Amino acid sequence: MSLCQPSGSDCDETTALRAPAFRMAEINQPLELTHKEQHTLESYLRKCDRQLLLYLCIGYATDSLNKMALSNAKIAGLTTDLDLHGYDINTALGAYYLGSFLFQLPSNLILKRARPRYWLSIVMLSWSLVTMCTALVQNATQLALCRFLFGAVQAGYVTGCLYYISYWYPRDRVRRRIGFFFASAGIGGILVGPLCSLLSVVEVEGIRPWQLIFVIIGLVSLCWGVLGPSVLQDFPDTATFITEDERCLITRIMVCQNTLASDRKISRKQIFLALGDWKVMLWTVIDFCANAATQVNGLFGPTIIAGQGYSPHVAQALSALTNFMAFSGMASIAYVAKVVGGSSVAIAISNLLTISGFVLALGAEAGGYRMAALFLFSFASPQPAAHGPAWMMANMQGSTKPAMAAAVVSAFGGLGPLATAFVYRDQDSPRFVLGHSVCLGMTVACLLTTLLLRVALMRENRRRDQSHDEVFGLSNEEILDLADNHPDFRYKL
């Protein structure tokens, strides 16, 4: 007997959510769907893609605009007007990541308690206002403070979206959606260069070009954030845009894979399970190293291009091409993973391409070759940063552990750009040997950690295949708190 009545009948959701103890053994068991249920599931997925995923992706694109505003404002007169010297810009970049790190975990726990449609919208509105206020700064200290606040209020968006996506989609459909989500940042990157190039030549009385950049970009995301409460829905079991058959089916699937999140109770056991999980630690290392390399284009792309002899306006426009490469790489990673047979292999391939790009950048004498290297690592380096979290979320279970794991990986992994924030120095132009060398080392570490994790997951799957561990005798809560340690769970590679 299934956890939910067959499609086409009235679905008693309370029955699905409060399954009897003997039914808890069905968690992680193969779930066979009829042809009608497959059709119902596809209809549900299309609705979620249009209603929810599209909104989140555009929101992340505006987030990317806001993050890249500083690097474009830098060559639009910011450094001159504020009399910035030495590491002032680098300090402002680092302040963002510090704020993001400190507020990742609290933000995700708030999301677990609060209504997601309102919390994600509040986060978006908050970072928009901070970006607009950055136009008012008058010195390096105020700039660093604004970037710290931007990181603090923006911290909950990416991890919140990862968690949000994971409890709307079945486990085998999560990776592709998260891949699209991260790819949307590339759209913001494509737009930010031409937009800032245009704003740099617009003359508005009393407003400097770099100030206009912060005001307009903040206003764009502010307008999008206002739409959040009317577009987003909280949970599948309360959604108004799906049918009862679709609600019944997705509830049944989520119960069977132990990812039902409408229960807002926070499991302390699952929190400590995530914090002590060696696999989460390895995914964090992968994310840290990947982010260190992938943020080079976003944070320093215009600076690197300008260092090859291009004017600031041309450098901003050309950055759209490198960001298009980044978007192409992130958009293709889900398909690459499907073709090569797993996320780990896809990440390893992109690491090898990134290594080739940094080696070429270090060895090239001519500016043309250095530009080619920039295009190559701009294409390949974002892929692990996009697909690493997707790989992790596809291997998380429980009502609380996915949220905590996403927060840990995003918080500590998000510190990766700090490793590059202070190594791309103006005095190293045009070759940037120190910065490229650090990123090369980070990419090698990312490759080795990915291969190590793949081998470890393969061994754990084999161990579970050969073991005879049972869950009989455990209470419902104890079974749910096993999360991905359930003996019938198998990790995706």
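Calculation notes
- Residues numbered from 1 in each chain as written.
- Predicted model: local features only at pLDDT ≥ 70, side-chain atom pairs only at ≥ 80, totals over all residues.
- Heavy atoms only, no water.
- Helix = DSSP H or I, 4+ residues; strand = E, 2+ residues; numbered from the N terminus.
- Contact = heavy atoms within 4.5 Å.
- Areas by Shrake-Rupley, 256 points an atom, 1.4 Å probe, with all protein chains shown as cover.
- Salt bridge = Lys/Arg side-chain N within 4 Å of Asp/Glu carboxyl O.
- Buried < 20%, exposed > 50% of the residue type's maximum accessible area, 1.4 Å probe, protein only.
- Phe/Tyr/Trp six-rings, centres within 6.5 Å; stacked < 30°, edge-to-face > 60°.
- Lys NZ or Arg CZ within 6 Å of the ring centre and 35° of its normal.
- Core = buried A, V, L, I, M, F, W, Y, C linked by side-chain atoms within 4.5 Å.
- Expected span 1.5 Å × (residues − 1).
- Axes fitted to C-alpha atoms, helices over the stretch in contact; angles between N-to-C directions.
- Parallel < 35°, antiparallel > 145°, perpendicular 65-115°, else oblique.
- Left-handed = near helix turned anticlockwise from the far one by under 90°.
- Nonpolar A, V, L, I, M, F, W, Y, C, P; charged D, E, K, R; others polar.

Caption draft 1: Broad picture of the overall build of the protein chain. When helices and strands are counted, the protein chain shows 19 helices and 0 strands. Sequence separation of at least 24 residues holds for 84% of the intrachain contacts in the protein chain that already meet a minimum separation of 6. For the protein chain, the accessible area works out to roughly 19,300 Å², and carbon and sulfur atoms hold 64% of it.

Caption draft 2: Geometry of the pattern of salt bridges. According to the stated counting rule, one finds 12 salt bridges in the structure shown. A salt bridge links E42 to R173, with the nearest nitrogen and oxygen atoms 3.0 Å apart. With E42 in helix 2 (residues 35-81) and R173 in the loop between helix 5 (140-166) and helix 6 (174-201), this residue pair connects regions lying 131 residues apart in the sequence. With relative accessibility at 30%, the residue E42 sits in the partly exposed group. Here R464 makes a salt bridge to E460, at a shortest N to O gap of 2.8 Å.

Caption draft 3: Representation of unusual backbone geometry in the model. Despite not being glycine, D83 has its phi angle at roughly 55 degrees, a positive value. Turning to its location among the elements, D83 is positioned in the loop between helix 2 and helix 3 (88-113). Given the relative accessible area of 52%, D83 is considered exposed.

Caption draft 4: Structural context of the packing of aromatic side chains. Summed over the entire model, instances satisfying the criterion amount to 16 aromatic pairs. With centroids separated by 4.6 Å and ring planes inclined at 15 degrees, the aromatic side chains of Y60 and F181 adopt a geometry described as stacked. Of the two residues, Y60 is situated in helix 2 and F181 in helix 6; the sequence distance between them amounts to 121 residues. Here W283 and W391 contribute two aromatic rings whose centre-to-centre distance is 5.5 Å and whose plane-to-plane angle is 90 degrees, an arrangement assigned as edge-to-face. Pair noted here: W283 is in helix 11 (residues 278-306) and W391 is in helix 15 (residues 382-393), with a separation of 108 residues, a long-range link. We note that W283, like W391, is buried. Over the ring of Y118 we find R117; its NZ or CZ atom is 5.7 Å from the centre of that ring.

Caption draft 5: Molecular detail of the nonpolar core. Formed by 75 residues in total, the largest nonpolar core has its most connected members in L56, Y157, W168, F181, F182 and W283. In terms of residue count, the dominant contributor to this core is helix 2 (10 residues). When residues no more than four places from it in sequence are discounted, the contact partners of F181 are L56, C57, Y60, Y157, V158, C161 and I165. Counting 24 residues, the second-largest nonpolar core is a separate cluster that includes A69, L70, C146 and L212.

Caption draft 6: Examining helix 15 more closely. When the terminal C-alpha atoms of helix 15 are compared, their 18 Å separation across 12 residues agrees well with the 16 Å that a helix rising 1.5 Å per residue should span. Here helix 15 lies mainly inside the structure; 12 of its 12 residues are buried. Residues of helix 15 that are buried include every one of P382, Q383, P384, A385, A386, H387, G388, P389, A390, W391, M392 and M393, and no others.

Caption draft 7: Examining helix 9 (residues 244-256) more closely. Taking 1.5 Å per residue as the helical rise, helix 9 with its 13 residues ought to reach 18 Å, and the 18 Å between its terminal C-alpha atoms agrees with that figure. Helix 9 sits mainly inside the fold: 11 of its 13 residues count as buried. Taken residue by residue, helix 9 has E246, R247, C248, L249, I250, T251, R252, I253, M254, V255 and C256 as its buried positions.

Caption draft 8: Structural detail: the packing of helix 6 against helix 7 (residues 209-226). The geometry of helix 6 relative to helix 7 is characterised by a closest axis approach of 9 Å and an angle of 130 degrees between their N-to-C directions. Between helix 6 and helix 7, the crossing angle belongs to the class labelled oblique. Note on packing geometry: the crossing formed by helix 6 with helix 7 is right-handed. Of the residues in helix 7, those touching helix 6 at V192, L195, C196, L199 and S200 are P209, L212, I213, I216 and I217. Along the lines of polarity and charge, the residues of the contact of helix 6 with helix 7 split into 9 nonpolar, 1 polar and no charged.

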